[in-house]
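One-letter residues, chain by chain:
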Amino acid sequence: MNVYLDLHVLQSVPPSNVNRDDTGSPKTAVFGGTRRARVSSQAWKRAMRLDFQRRLDSSDLGVRTKRLPRLLTDAITDQDPSIGEETAMALATELLTRLGFSLKVPRGRETEPDADKESEYLVFLSRRQIDNLADYAIRTHHSGEKISKKDAAAIAMLDHSIDVALFGRMVANLTDINVDAAAQVAHALSVHSVETEFDYFTAVDDVDNDDHAGAGMIGTVEFNSSTLYRYGTVNVPALEQTLGDAEATVRAVETFIESFVRSMPTGKQNTFANRTLPHAVMATVRYDQPINLAGAFEDAVTAGGGQSRLARAAGTLVEHANKLDEAFPPATAPKSWVVCAHPDTEALTERGAAVSLEQLVAEVADELRSSVTSR
């Protein structure tokens, strides 16, 4: 049975630069023939993962790092203090090498005798998986058995954390421990066209004397402001398959909703104090396929006819969703809930019951709980 949770968000962001490109400019994309503000999915997923730390115990989370040898060494010595630091590091290095990781001392630290080795790329493991691998290394050490790649890989596929299950894990040269992501997050796009603006600033030297007139520093910061359409989706059966537990699946979805709605990338936040909450959130449980509604904004939205840009965006989103349902009617009717935090978004209540975010999370959880337990 297909079960998907779709989240649609309209969120206005004041002058900001929450996600920069390699030149420091706000990221953009051309959509519908006009340039739009863009916030990458990677930036928002990182913000979500950080938000998870506020909502979940560390045992339910993973860590993405190159410093696996150090983490595994510490886990070994924590579990068995009789094993010395040097032996623990040797065990950690052997286990990771047998798994297929290439380990080396970071560039610039080659001459340091005590420098820890690192993996060549970031690896995403749950904290329970790190502890389980440490336990396996300890058992082989005391029994005299050789560390087995097959056994170690099997351990790395047990006890996935919520964030690993949602966002997946890809290890190019060790496909046995890859995890397919159960969630997808789209690049956020402005519903209207934008132009990058420039803030010219000066800074005064507080200790300068009268011999130096003018500013101690000058520069520019690029920014834009936008009303974003944001979209994310969760494949609920895939999430349950990875986590192996119905209640853990529901809890993961609840956390995904809260963090998707409340998180925000922190780029230039001290400069712009731009953090906002959405004007509207629509959650839809679908039983056919996930549907991104960005096509509603193929034509850039503009204010007019007595309507704000936000009101037009909400109305356009409803119209597009209705037309899709008429053209491609789902076999099983989806269920939707809407959070309206601005009167200009009330058109969305045509698509679902108006509720608070707390109610939305609870009612989605109830709907999914019946779905995952009935399969």
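Read on for a plain summary of the structure.

About the criteria used
By convention here, each chain's residues receive numbers from 1 onward along its written sequence. Since the coordinates come from a predicted model, pLDDT governs what is reported: local features require at least 70, and pairs of side-chain atoms require 80 or more to be given and counted, while whole-chain, interface and lining totals use all residues. Here the side-chain values reflect all heavy atoms present in the structure, with hydrogen atoms and water set aside. Here a strand is any run of E in DSSP of at least two residues, a helix any run of H or I of at least four, and the numbering for each starts at the N terminus. A simple rule labels every residue: compare its accessible area, found with a 1.4 Å probe on the protein chains alone, to the largest value its type can have, and call it buried under 20%, exposed over 50%, or partly exposed in between. Geometry of aromatic contacts follows a simple scheme: Phe, Tyr and Trp rings, the Trp one being its six-membered ring, pair when their centres are within 6.5 Å, and the pair is stacked under 30 degrees between planes, edge-to-face over 60, tilted otherwise. Both a distance and an angle decide whether a charge sits over a ring: NZ of Lys or CZ of Arg must be within 6 Å of the ring centre and within 35 degrees of the ring normal. For this document, the term salt bridge refers to a Lys or Arg side-chain nitrogen within 4 Å of an Asp or Glu carboxyl oxygen. Strands qualify as paired when DSSP identifies two bridges or more between them. Any pair of residues with heavy atoms lying within 4.5 Å of one another is described as a contacting pair.

1. Things to note about unusual backbone geometry
Then, in step 1: In this structure, Lys-268 takes a positive phi of about 55 degrees despite not being glycine.
Then, in step 2: Checked against the element boundaries, Lys-268 lands in the loop between helix H8 (246–262) and helix H9 (269–272).
Then, in step 3: Here the phi dihedral of Ala-273 falls at roughly 45 degrees; this positive angle occurs in a residue that is not glycine.
Then, in step 4: Residue placement: Ala-273 occurs in the loop between H9 and strand E12 (280–286).
Then, in step 5: A relative accessible area of 63% means that Ala-273 is categorised as exposed.

2. Some words on the packing of aromatic side chains
Pairs of aromatic rings are described using the distance from one ring centre to the other and the angle between the two planes.
Then, in step 1: Within the structure shown, the criterion is met by four aromatic pairs.
Then, in step 2: Look at Tyr-229 and Phe-297: their rings are 5.5 Å apart centre to centre, the planes differ by 50 degrees, and that puts the pair in the tilted class. On the criterion of sequence distance, the pair formed by Tyr-229 in strand E11 (residues 217–235) and Phe-297 in the loop between E12 and helix H10 (309–327) is long-range, its members being 68 residues apart.
Then, in step 3: Residue Tyr-229 is classed as buried on the basis of its relative accessible area, which comes to 4%.
Then, in step 4: On the numbers, 5.9 Å between centres and 15 degrees between planes, the contact of Phe-256 with Phe-260 is stacked. Of this pair, Phe-256 and Phe-260 are both found in helix H8, four residues apart, which corresponds to roughly one turn of the helix.
Then, in step 5: Here the basic side chain of Arg-230 rests over the ring of Trp-44, its NZ or CZ set 3.8 Å away from the ring centre.
Then, in step 6: Seen from the ring of Phe-260, Arg-230 lies directly overhead, with NZ or CZ sitting 4.3 Å from the centre.

3. A closer look at the pattern of salt bridges
A side chain with one charge may pair with a side chain of the opposite charge, provided their charged atoms come close.
Then, in step 1: Inspection of the entire model under this criterion finds 17 salt bridges.
Then, in step 2: Across the pair Glu-258 and Arg-55 runs a salt bridge whose closest N-O atoms are separated by 3.8 Å. One end of the pair, Glu-258, is in helix H8; the other, Arg-55, is in helix H1 (residues 41–55), with 203 residues separating them in the sequence.

4. A few points about the pairing of strand E13 (residues 335–340)
Then, in step 1: Note: E12 against E13, six bridges, orientation antiparallel. Looking at the pairing, Met-282 lines up with Val-338 of E13.
Then, in step 2: Strand direction decides the pairing type here: E13 and strand E14 (residues 353–354), joined by two bridges, are parallel. Residue pairing in the sheet places Trp-337 in a bridge with Ala-353 of E14.

5. A short note on the environment of Phe-198
Then, in step 1: Looking at the element boundaries, Phe-198 is found in strand E10 (residues 197–203).
Then, in step 2: Here Phe-198 falls in the exposed class, since its relative accessible area comes to 55%.
Then, in step 3: Sequence separation between Phe-198 and Val-221 is 23 residues, and the spatial gap between their C-alpha atoms is 5.7 Å.
Then, in step 4: In this view, Phe-198 contacts Val-221, Glu-222 and Phe-223; residues no more than four positions away in its chain are not counted.

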